Structure formats: C-alpha cells, structure tokens
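If you want the building blocks of each chain, they are given just below.
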Amino acid sequence: MMETMTHKITLLPGDGIGPEVANAATQIVEASGVSVEWEVFAAPLKDGKRVGEFPREQAVESVRRTHVALKGPMATAVAEGPPSINVALRKELDLYANLRPVRNVAGVSSRWSGVDLVIVRENTEDLYAGLEHTVVPGVVESLKIITEYASTRIARFAFEYARKNGRKKIHAIHKANIMKLSDGLFLSSIRVVAAKYPDIEYHELIVDNTCMQLVMNPAQFDMLLLPNLYGDVVSDLAAGLVGGLGVVPSGNIGDVAALFEAVHGTAPDIVGKGIANPTAIVMSAAMMLNYLNEIEASRRILGALDKVYRAGKHTTRDVGGTGTTQEFTRAVIAEMA
Ligand code: NAI
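None of the values given here were measured: they were computed from a predicted structure. (Residues numbered from 1 in each chain as written. Predicted model: local features only at pLDDT ≥ 70, side-chain atom pairs only at ≥ 80, totals over all residues. Heavy atoms only, no water.)

*Asks:* Sorry, what's going on with the site of the ligand here?
*Replies:* Around the ligand, the structure places 18 residues, and the nearest of them are Met 74, Gly 265, Ala 267, Asp 269 and Asn 277. Within the side chain of Lys 71, an N or O atom sits 3.3 Å from an oxygen atom of the ligand. In this structure, a nitrogen atom belonging to the ligand sits 3.3 Å away from a side-chain N or O atom of His 264. Burial of the ligand by the protein amounts to 62% of the accessible area it has alone, namely 820 Å². Grouping the amino acids of the shell around the ligand by side-chain chemistry returns nine nonpolar, five polar and four charged. (Near = heavy atom within 4 Å. Polar contact = N/O pair within 3.5 Å; in protein donor to acceptor, adjacent residues only side chain to side chain. Areas by Shrake-Rupley, 256 points an atom, 1.4 Å probe, with all protein chains shown as cover. Nonpolar A, V, L, I, M, F, W, Y, C, P; charged D, E, K, R; others polar.)

Set out below in structure tokens:
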C-alpha cells in the first residue's frame, strides 16, 4: 500500500441541487482511495431555502490556504447584488485559465461521436472586465481589454497542458480580421509561445467559422484556445455537442489555486427530489484529483462513471435513465470497489 497524504480541500456545496450533487461527489472521491479533509462553506439553509448570507470572505480565505476548491452551483441574482462568488474567487485568486474538457459520454445521446476536445478560455479580461459606462444618454461604451501579459500567460498554460496531457494540436480562435488590434494582440502573443512548442501543431481560426466547423465536424479539433467572451460561448456550444452541461466538467486554474465546478445551475425545478445528476461535479472532482496529482484516483472515478453509463441501469432521468442521485452514486462507488 502506498503512503497516502490527506488533502485539505475547500468544499462549497452551493444552492438548490448543489448540496445533493456535492454530497455524491464527496462520497465518490472518498471511495476512490484518496484521503480528504473538507473545509465546508455554505449559506445557512432552512427547509432547503437560503436563510442567510454565504460566508464569502471565509470561503476565499480557506481557498487561499487549501489552494483547491470543489464547488456546486450557486444562485446568483441577475443585474443586482454583490458579484458572484465565482467572480470573487477568480479575481482574488487570479484563476486565469478556464479549462473545459468536452468528451462524448457512453450512452448519452448526442449528434456526434468521437468528440474529445479541450477548451482553454482566458478568464480575466476581454469584454468581461466589466468596464462599461454611459457616454451620453442612449450611448454605452463597453471596453474590451486584451493584454500581452494575459494572452501570453494563457497561451503558456494551453501549450503546457497539451504537452502534459498528450494533446497534439491547438487552434487559437479570434476575430482579428475585424478587431485587428485587440484580437491581433491575442494572436501575436500566442504565436510567440507556439514557436517554443514545435511538437504541438498550431492553427488559427476565426470564431464564426469555428462555430460552424464545430457543429459540422467537431472531431477535427483537439484543443481550442480562446479569449474570454468567445470562450464562454464556444464552450457551451461544445458541451451541447456531447449532451449538455450535465455531463461536462470545468476548472478555473491559477498559479496558486484552482476551483473545480459543475457548470450547470441550481436546477430549482428538481431541488429535493433526489433525482439530480451529479455527473458534472463528479467529473470536475476527477479533474481536481488530476490537478492534485492523484492520477490513479482520477482515472478510477472516470472509469467507474464510464461503466455506469455504458450499463445504463442507474443513470438519472435527465439523460434518459430512471436512477436517483443516490442509486447512481452507489453504482459508481460499486464499480470502484
Ligand atoms: P439550470 O442549469 O439550473 O437548469 C436548467 C435545466 O437543467 C433545468 O430543467 C434543470 O432541472 C436541469 N438541470 C441542471 N442541472 C441538472 C442536473 N445536475 N441534473 C439534472 N437536471 C439538471 O439553469 P437555470 O434554471 O438557468 O439557473 C437556475 C439558477 O442557477 C440561477 O439562479 C442561476 O444564477 C444559477 N446558476 C448558477 C451557476 C453556477 O453557480 N455555476 C451556473 C448557471 C446558473
């Protein structure tokens, strides 16, 4: 038996179905053979409803210490209230790389087979810097910020990821034919990095063409590297190619910390019914274990998920099955035994 170390991990179960799917994920992580001490932060709940504020500062401080977090979905008010905890964590911990692997899941119906994509999205700037102002009534200006620093940093992340994970090809996605300066700088920064990785094929593709190509022939792509806004849109499009947000993981990664989360929402329509599909957060937990260098445990979880999906007996309703969250969780754990 190898010596095991205990990982301290911040757990933010979230709202709605968050606690249900997070509970499934912690059970599965613990059954995978790793030793974890969870630091849990959640808003106080009564009868499944939030009755107080989320302890945001304590949660951020915990991630600063543990360097790694697993998060369920959280309800965020639209156009009011404080920024979401995601935004707070991304900013305060400088989680500059959004990583979204997109693969077919056995037994989940989708238009395409053979999809195996990794999307890397720059997470800190572009139009999402939130710099907007009214110039005169009726005219609003929203600033698109692109820097050589952030573009070079995300390019390094993508090429390093490719090398470490046996990926062969990266497409940088842009609209530099129109936004010659901003997307032009994004591309020129990436080219400098790409030149240092002759083992990785490098291509550039305009974002509108990319969307068409993804819908028509997604298997041609290996990794996509995008600025923030295109990355947001294209990564959801790509999730749609393999069955939607319920079956894709995500990670927000920086140099000192990382946050892994399901990208679906709190699913208010099925809260408390015990039928939520925990696949996305479980896959995100597997990604987190990979990040923590628990490669075997990560593979064990993904292998068990694959078997449960192939057998199709215990999958949840959203993917055409009849299983409950707990039945699905028990089946995944049984496959790892
Ligand atoms: P949603 O993803 O919560 O729900 C859309 C549909 O997908 C619903 O029919 C829901 O039942 C279903 N669904 C989602 N996740 C599922 C799962 N794991 N298993 C089975 N079915 C699932 O999106 P919606 O309704 O737009 O958002 C609801 C709330 O979630 C909002 O307050 C929103 O702000 C929040 N949200 C939070 C996110 C996060 O924290 N990362 C991301 C997206 C939304």
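*Asks:* What exactly am I supposed to notice about the packing of aromatic side chains here?
*Replies:* Given two aromatic rings, one states the distance between the centres and the angle between the planes to describe the pair. Within the structure shown, the criterion is met by five aromatic pairs. Among the aromatic side chains, those forming a connected cluster through ring pairs are Phe 159, Tyr 197 and Tyr 202. (Phe/Tyr/Trp six-rings, centres within 6.5 Å; stacked < 30°, edge-to-face > 60°.)

*Asks:* When you look at the packing of helix α6 (residues 207–216) against helix α7 (residues 228–241) in this model, what are you seeing that I'm missing?
*Replies:* Axis angle and axis distance: for two packed helices, these are the angle between their axes and the distance between the axes, and together they describe the pair. It is the contact of α6 with α7, at a shortest axis distance of 10 Å, that shows an interaxial angle of 10 degrees. For the element pair α6 / α7, the angle class is roughly parallel. Facing Val 207, Cys 211, Leu 214 and Val 215 of α6, the residues of α7 in contact are Tyr 230, Val 234, Leu 237 and Leu 241. Considering only residue class, the contact of α6 with α7 consists of eight nonpolar, no polar and no charged. (Axes fitted to C-alpha atoms, helices over the stretch in contact; angles between N-to-C directions. Helix = DSSP H or I, 4+ residues; strand = E, 2+ residues; numbered from the N terminus. Parallel < 35°, antiparallel > 145°, perpendicular 65-115°, else oblique. Contact = heavy atoms within 4.5 Å.)

*Asks:* Teacher, can you tell me more about the nonpolar core here?
*Replies:* The nonpolar side chains of a soluble globular protein tend to be buried, and buried together. Ranked by size, the top nonpolar core spans 86 residues in total, and within it Leu 70, Val 120, Leu 224, Leu 225 and Met 288 carry the most contacts. With nine residues, helix α8 (residues 279–291) is the largest single contributor of residues to this core. Split by domain, this core shows at least three residues from each of two domains, domain 1 (1–96 + 245–337) and domain 2 (111–241). Sequence-distant contacts of Val 120, defined by excluding residues within four places in its chain, comprise Asn 98, Leu 99, Ile 154, Phe 157, Ala 158, Met 223, Leu 224, Leu 225 and Leu 226. Core analysis: the next-biggest nonpolar cluster, separate from the first, contains 15 residues, Phe 41, Ala 43, Phe 54 and Met 74 among them. (Core = buried A, V, L, I, M, F, W, Y, C linked by side-chain atoms within 4.5 Å. Buried < 20%, exposed > 50% of the residue type's maximum accessible area, 1.4 Å probe, protein only. Domains from an automatic or database assignment.)

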